[in-house]
Amino acid sequence: MFRRKPLSFARLSNQGEQNGPNLVEPLSMNDRCDKPEKSTIDDLQDVMKRLTLAVNVAETVMPKSSSDYIPNALLNITISRMIATEGKANTAILLSTLSEMIREGVDPENRGPVKISGA
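Keep in mind it's a predicted model, so treat the numbers as computed, not measured.

Procedures and definitions
Residues numbered from 1 in each chain as written. Predicted model: local features only at pLDDT ≥ 70, side-chain atom pairs only at ≥ 80, totals over all residues. Heavy atoms only, no water. pLDDT = per-residue confidence, 0-100. Helix = DSSP H or I, 4+ residues; strand = E, 2+ residues; numbered from the N terminus. Axes fitted to C-alpha atoms, helices over the stretch in contact; angles between N-to-C directions. Parallel < 35°, antiparallel > 145°, perpendicular 65-115°, else oblique. Left-handed = near helix turned anticlockwise from the far one by under 90°. Contact = heavy atoms within 4.5 Å. Salt bridge = Lys/Arg side-chain N within 4 Å of Asp/Glu carboxyl O.

### Some remarks on the confidence of the model for the protein chain
Here is step 1: For the protein chain, mean pLDDT is 75; residues scoring 70 or higher make up 65% of the total.
Here is step 2: The least confident element of the protein chain is strand 1 (residues 15-16), whose mean pLDDT is 40; the most confident is helix 4 (residues 70-86), at 94.

Listed below in structure tokens is the structure:
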């Protein structure tokens, strides 16, 4: 007996009950953006580069035993800020969607920022 492979999150997320399946795979924000959105993406990437440099500096001045906690600390800070900005319910939805995308191999570093909310 053959077992069917379950549909991926990306495929399921593109199916609408009323309109049927949408066979277009999700695109990165870099693939389909207008000039104002491109400016926002550029600003976001600039902030990410600056924060990465700041984290790299922090790693060099912290004892090795402390620097091992940096990823967890950054995650805690980020989630706390997300909850303060988006609320608990929206943060949970965003993190769940992000979890599915990571599980499926989406790589924003190579594809560019991926829109996980809105359309």
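Now, onward.
### Details of the packing of helix 4 against helix 5 (residues 88-103)
Here is step 1: Packing of helix 4 against helix 5 leaves a shortest axis separation of 7 Å and a crossing angle of 125 degrees. Comparing their axes, helix 5 and helix 4 come out oblique. Viewed along their axes, helix 4 and helix 5 form a crossing whose handedness is right-handed. Contacts from Ile-79, Met-82, Ile-83 and Glu-86 in helix 4 reach Lys-88, Asn-90, Thr-91, Leu-94 and Leu-95 in helix 5.

### Some points on the pattern of salt bridges
Here is step 1: This model, assessed by the stated rule, comprises three salt bridges.
Here is step 2: In this structure, Arg-50 engages Asp-46 in a salt bridge whose closest nitrogen and oxygen atoms are separated by 3.0 Å. Here Arg-50 and its partner Asp-46 are both found in helix 2 (residues 35-61), four residues apart, which amounts to about one turn of the helix.
Here is step 3: A salt bridge links Asp-68 to Lys-64; the nearest nitrogen and oxygen atoms lie 3.1 Å apart.

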